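Listed here are the chains, written in short residue letters.
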Amino acid sequence: MNIITTTEALAALCDEAAGEPYVTLDTEFLRERTYYAKLCLVQMALPGKGPERAYLIDPLAEGLSLDPLLELMRNTDVVKVFHAARQDLEIFFIDGGVIPEPLFDTQIAAMVCGFGEQVGYETLVKKIAKAPLDKTSRFTDWSQRPLSEAQLRYALDDVTHLRQIYEHLKKDIEKSGRAAWVAEEMGVLTSPETYVTHPEDAWQKIRTRGQSGKFMALVKELARFREDYAQTRNVPRSRVYKDDALLELASTKPDSIEALGRSRLLLREARRGEIADGILEAVQQALNLGPKDWPRATTEDEPLQVNPALADLLRVLLKAKADSAGVAQRLIAPTSDLDQIAAGKRDVACLKGWRHEIFGADALRLCNGELALAAKGQQVRVIEI
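Our subject in this report is the structure included herewith. Predicted model, so just to flag it, every value in this text is computed and none were measured.

Rules behind the numbers
Residues numbered from 1 in each chain as written. Predicted model: local features only at pLDDT ≥ 70, side-chain atom pairs only at ≥ 80, totals over all residues. Heavy atoms only, no water. Helix = DSSP H or I, 4+ residues; strand = E, 2+ residues; numbered from the N terminus. Buried < 20%, exposed > 50% of the residue type's maximum accessible area, 1.4 Å probe, protein only. Contact = heavy atoms within 4.5 Å. Pairing = 2+ DSSP bridges. Phe/Tyr/Trp six-rings, centres within 6.5 Å; stacked < 30°, edge-to-face > 60°. 1 Å grid on protein atoms, 1.4 Å probe; cavity = no way out; pocket = protein on both sides within 12 Å on 5 of 7 lines; lining within 4 Å. Points joined across faces, edges and corners; volume = space filled by probe spheres on them. Nonpolar A, V, L, I, M, F, W, Y, C, P; charged D, E, K, R; others polar. Core = buried A, V, L, I, M, F, W, Y, C linked by side-chain atoms within 4.5 Å.

Topic: the overall build of the chain
Counting its secondary structure elements, the chain contains 16 helices and six strands. Overall size of the chain, expressed as C-alpha extent along the three principal axes, is 70 × 65 × 35 Å. Looking at the 385 residues of the chain, the share that counts as buried comes to 46%. For the chain, restricting intrachain contacts to residue pairs at least 6 apart in sequence, the fraction spanning at least 24 positions comes to 63%.

Considerations on the pairing of strand β3 (residues 38–45)
The side chains of a regular strand alternate between both faces of the sheet. Counting buried positions over the eight residues of β3 gives seven, a clear majority of the element. Sheet topology places strand β2 (residues 22–30) next to β3; seven bridges connect them, and they run antiparallel. For E28, the partnering residue across the bridge sits in β3 and is L41. When β3 meets strand β4 (residues 54–57), the two strands line up antiparallel, connected through four bridges. The residue bridging M44 from the neighbouring strand is Y55, located in β4.

Notes on the packing of aromatic side chains
What the rule picks out here adds up to eight aromatic pairs. Look at Y35 and Y36: their rings are 4.7 Å apart centre to centre, the planes differ by 75 degrees, and that puts the pair in the edge-to-face class. Residue Y35 is classed as buried on the basis of its relative accessible area, which comes to 10%. Considering the side-chain rings of W142 and Y154, the 5.9 Å spacing of their centres and the 25 degrees angle between planes classify their relative orientation as stacked. Within this pair, whereas W142 is found in the loop between α5 (121–129) and α6 (149–176), its partner Y154 is found in helix α6, the two being separated by 12 residues in sequence. Each member of the pair W142 and Y154 is classed as buried. Here a set of aromatic residues connected by ring pairs shows up, and it is made of Y22, F104 and Y166.

Points about the environment of A250
By secondary structure assignment, the location of A250 is in helix α10 (residues 243–252). Taking the relative accessible area as the measure of exposure, A250 reaches 1% and is therefore buried. Dropping the residues within four chain positions of it, A250 is found in contact with F215, L218, V219 and L222.

Focus on empty space enclosed by the protein
Tallied over the entire structure, the rule returns one cavity of 30 Å³ or more. Every residue lining the largest cavity is listed: R31, Y36, A37, Q87, E90, I91, I94 and D95. Within the lining of the largest cavity, the residues separate by chemical class into four nonpolar, one polar and three charged.

A word on the layout of surface pockets
Each pocket or cavity is described by its volume, and for the largest pocket that value is around 770 Å³. In terms of lining, the largest pocket is formed by 24 residues, of which the most central are D26, T27, E28, R138 and Y154. Going through the elements one at a time, β2, α3 (86–96), α5 and α6 are the ones with two or more residues in the lining of the largest pocket.

Looking at unusual backbone geometry
Here the amide bond leading from E101 into P102 is cis, since omega sits at -10 degrees, within 30 degrees of zero. Mapped onto the fold, P102 is located in the loop between α3 and β6 (103–105). Residue R145 is joined to P146 through a cis peptide bond whose omega torsion reads 0 degrees. With respect to the secondary-structure elements, P146 resides in the loop between α5 and α6. With a phi close to 55 degrees, K130 is a non-glycine residue in the positive phi region.

Structural notes on the pairing of β2
The buried fraction of β2 amounts to eight of the nine residues, a majority that puts the element mostly inside the structure. For β2 and strand β5 (residues 79–82), the ladder comprises three bridges, and the chain directions are parallel. The residue bridging Y22 from the neighbouring strand is V79, located in β5.

Remarks on the nonpolar core
Counting 82 residues, the largest nonpolar core has M44, L69, L314, I332 and F359 as the members making the most contacts within it. It is helix α13 (residues 308–325) that provides the largest number of residues to this core, a total of seven residues. Look past the residues within four positions of M44 in its chain and what remains in contact with it is L13, V23, T24, L25, R53, A54, Y55, I57, L69, L72 and V159. In terms of nonpolar packing, the next biggest core, distinct from the first, is built from 31 residues, V219, V235, V240 and L249 among them.

Have a look at this one:
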């Protein structure tokens with residue numbers, strides 16, 4: 001097996017890769033005990049067959065610098081191919097300040113090519129590469145050394161078969177003229193904002209229902225403190241306090257260490273020291289805010305007045321259009337988009353661009369009653385699409 005453990009060997013590999021049209025990549029990492037993923041292994045394969053041009057890069061090897069690899073990620077002459085790339089890209093962005101470009105995500109491409117919703121790598125290996133995939137080492141501690149032969153083979157499989165999958169999907173997309181569809185979908189993956197959580201915005205990911213502005217101010221400050229603490233010390237959010245404990249704190253509004261001690265859901269470590277002080281300060285800051293400074297729900301947070309009959313018809317229309325185009329339904333329109341349309345909204349992604357060509361025009365005709373009308377006991381009138 002080709003295992004890279006020195007900067008010199010990595011630089012030589014990356015120099016060779018710079019002359020290729022593409023490379024396939026994957027990463028193995030740990031995240032259970034940290035806020036940011038700990039990179040433990042990078043797999044890379046150059047065009048070819050078999051394992052001869054596939055390599056394992058050990059970022060934990062003493063003295064190894066990933067700078068040559070990061071430079072390759074910046075090389076716009078080489079396509080970087082991943083499957084389900086989001087977590088891999090986050091590692092490269094957080095650790096190296098780079099987002100690989102140009103990028104090709106085979107999971108996104110597979111949806112465009114009619115392989116279904118969020119298709120897994122194993123499925124593509126079976127359907128395209130016609131090869132078995134040994135997943136016995138899927139759940140493993142990738143930080144341990146030495147890695148076993150089985151672990152190394154498993155890791156290599158994640159990039160060797162990816163070459164054939166990429167070439168197959170690329171040819172299919174070029175034939176269908178849908179390259180722009182794939183590029184648009186990958187725009188989210190190549191945006192740095194995708195990989196940054198600002199502490200002041202962390203509250204927006206907390207699920208609450210119909211709470212007052214004052215309560216939401218407490219949620220916002222508690223979530224801000226937790227996010228900042230977790231990022232600064234590189235510990236998981238749940239190690240600070242979980243969401244249910246956060247909501248309990250927002251409800252009880254503790255004002256002392258003794259009050260914190262009465263919490264049913266707060267971890268013992270959070271009832272004293274820096275976390276406890278941070279909680280009390282966050283609660284006090286929220287309580288000091290006036291109504292004009294309380295968080296306000298965005299229009300996306302407001303309950304939609306969905307026409308259920310129209311929503312059902314839109315789902316039927318979406319399935320028909322997706323089947324006809326040979327593309328995954330979610331790629332055209334997620335359920336949330338359909339609900340927004342059925343609630344009267346028109347500034348929705350699936351009504352724009354290439355999605356409009358497939359689905360949007362007929363969706364608008366449906367909303368205007370040209371395709372069907374079904375509401376409050378009226379006769380349903382359907383005309384052929």
